[in-house]
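Fold and contact review
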Amino acid sequence: MHKFFCNYNPLTEKYELSFNRNMFFSPRVNVLAENTLLPEIRSLLQEIYDSISVLKDNITVSEQLEILDQSELLLSNLFYSLFASPLELNSNQPTQVVVKDLLASTIKKASTLVEKINIPEYNRLAFLLLNNFQNLLNMQL
C-alpha cells in the first residue's frame, strides 16, 4: 500500500490527496485534514459503486451495460489501489429510480473525486469514470 499525504493546493484553496508532503501548514493541520479527506474519498468511491449497481439493475441496453461494467472495474481498481481492500457490496436496493437523476448525482460525486485526488495515475482513473458517466447520461437524452 502506498503512503499518501494531504496536500493543500493554494490555487484551489482545498486539500487534496498527493504523494508529496506539504509543510505549508503545521503537521497537526495536515494530519487533521488527512483524517477527514481519506474517509471522504472512501465514501465517495463506495457511493459511486452503489450507484453503478443500481444503474446496472435499471439499464437494459447492452452498450450502456458494457460501459457500466468497465466503470465498475475502474472503480474497484482505484479503490483497491488507494485502500488495499475491496469495495463493500450493496445490500439495499431502492425500488423506484430515475436513471437520469442517478447519473447526474453520480457525475457530481465523480467530479468531487477528481478534485480530491492529485495523483496522476489515480486522477486519470477518476477522469475515466467521470467521462463514462457523462457518456451514459448523453445516451439517455
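Use the structure listed above.
Everything numeric in this text was worked out from a predicted model, so none of it was measured.

Rules of the game
- Residues numbered from 1 in each chain as written.
- Predicted model: local features only at pLDDT ≥ 70, side-chain atom pairs only at ≥ 80, totals over all residues.
- Heavy atoms only, no water.
- Core = buried A, V, L, I, M, F, W, Y, C linked by side-chain atoms within 4.5 Å.
- Buried < 20%, exposed > 50% of the residue type's maximum accessible area, 1.4 Å probe, protein only.
- Helix = DSSP H or I, 4+ residues; strand = E, 2+ residues; numbered from the N terminus.
- Phe/Tyr/Trp six-rings, centres within 6.5 Å; stacked < 30°, edge-to-face > 60°.
- Lys NZ or Arg CZ within 6 Å of the ring centre and 35° of its normal.
- Salt bridge = Lys/Arg side-chain N within 4 Å of Asp/Glu carboxyl O.
- Expected span 1.5 Å × (residues − 1).
- Axes fitted to C-alpha atoms, helices over the stretch in contact; angles between N-to-C directions.
- Parallel < 35°, antiparallel > 145°, perpendicular 65-115°, else oblique.
- Left-handed = near helix turned anticlockwise from the far one by under 90°.
- Contact = heavy atoms within 4.5 Å.
- Nonpolar A, V, L, I, M, F, W, Y, C, P; charged D, E, K, R; others polar.

Core analysis: the biggest nonpolar cluster contains 37 residues, and Ile-41, Leu-45, Leu-75, Leu-78, Leu-82, Leu-113 and Phe-133 have the highest contact counts within it. For this core, the secondary structure elements donating two or more residues are α1 (27-58), α2 (62-83), α3 (99-116) and α4 (120-140). If you tally residues by element for this core, the top one is α1, at 9 residues.

This part takes up the side chain of Gln-46. Looking at the element boundaries, Gln-46 is found in helix α1. With relative accessibility at 15%, the residue Gln-46 sits in the buried group.

Once that is clear, we can look at the packing of aromatic side chains. Evaluation of the coordinates by the stated rule reveals 1 aromatic pair. Between the aromatic rings of Phe-79 and Phe-83, the centroid separation amounts to 5.1 Å while the plane-to-plane angle is 45°, which identifies the pairing as tilted. Here Phe-79 pairs with Phe-83, and both are found in helix α2, just 4 residues apart, close to one helical turn. Under the relative-accessibility criterion, Phe-83 is labelled buried at 11%. A cation over an aromatic ring shows up here: Arg-42 above the ring of Phe-83, its NZ or CZ 4.3 Å from the ring centre.

Let's shift gears to the pattern of salt bridges. Taken as a whole and assessed by the stated rule, the structure comprises 4 salt bridges. Among the salt bridges present, the one from Glu-47 reaches Lys-109, with a minimum N-O distance of 3.7 Å. Of this pair, Glu-47 sits in helix α1 while Lys-109 sits in helix α3, and the two are 62 residues apart along the sequence. The partly exposed category is assigned to Lys-109, whose relative accessible area is 22%. When salt bridges that share partners are traced, they join Lys-56, Asp-69 and Glu-72 into one network.

A separate point is α3. In this model α3 runs 26 Å from its N-terminal to its C-terminal C-alpha over 18 residues, within 8% of the 26 Å that 1.5 Å per residue would give. Among the residues of α3, Val-99, Leu-102, Leu-103, Thr-106, Ile-107, Ala-110, Leu-113, Val-114 and Lys-116 are the ones counted as buried.

This paragraph deals with unusual backbone geometry. A positive phi angle is found at Ala-84, which is not glycine, with a value near 55°. Among the secondary structure elements, Ala-84 is positioned in the loop between α2 and α3. Accessibility expressed as a relative area gives 39% for Ala-84, which makes it partly exposed.

Moving on: the environment of Glu-121. Along the chain, the position of Glu-121 falls in helix α4. In this structure, the C-alpha to C-alpha distance between Glu-121 and Leu-78, residues 43 residues apart in sequence, is 9.4 Å.

The next point concerns the packing of α3 against α4. Interhelical geometry of α3 versus α4 gives an angle of 160° and a closest axis separation of 9 Å. Between α3 and α4, the interaxial angle falls into the category roughly antiparallel. When you trace α3 past α4, the crossing you get is left-handed. On α4, the residues touching Val-99, Lys-100, Leu-103, Thr-106, Ile-107, Ala-110, Ser-111, Leu-113 and Val-114 of α3 are Asn-123, Ala-126, Phe-127, Leu-130, Phe-133, Gln-134, Leu-136, Leu-137 and Gln-140. A class-by-class count of the residues in the contact of α3 with α4 yields 12 nonpolar, 5 polar and 1 charged.

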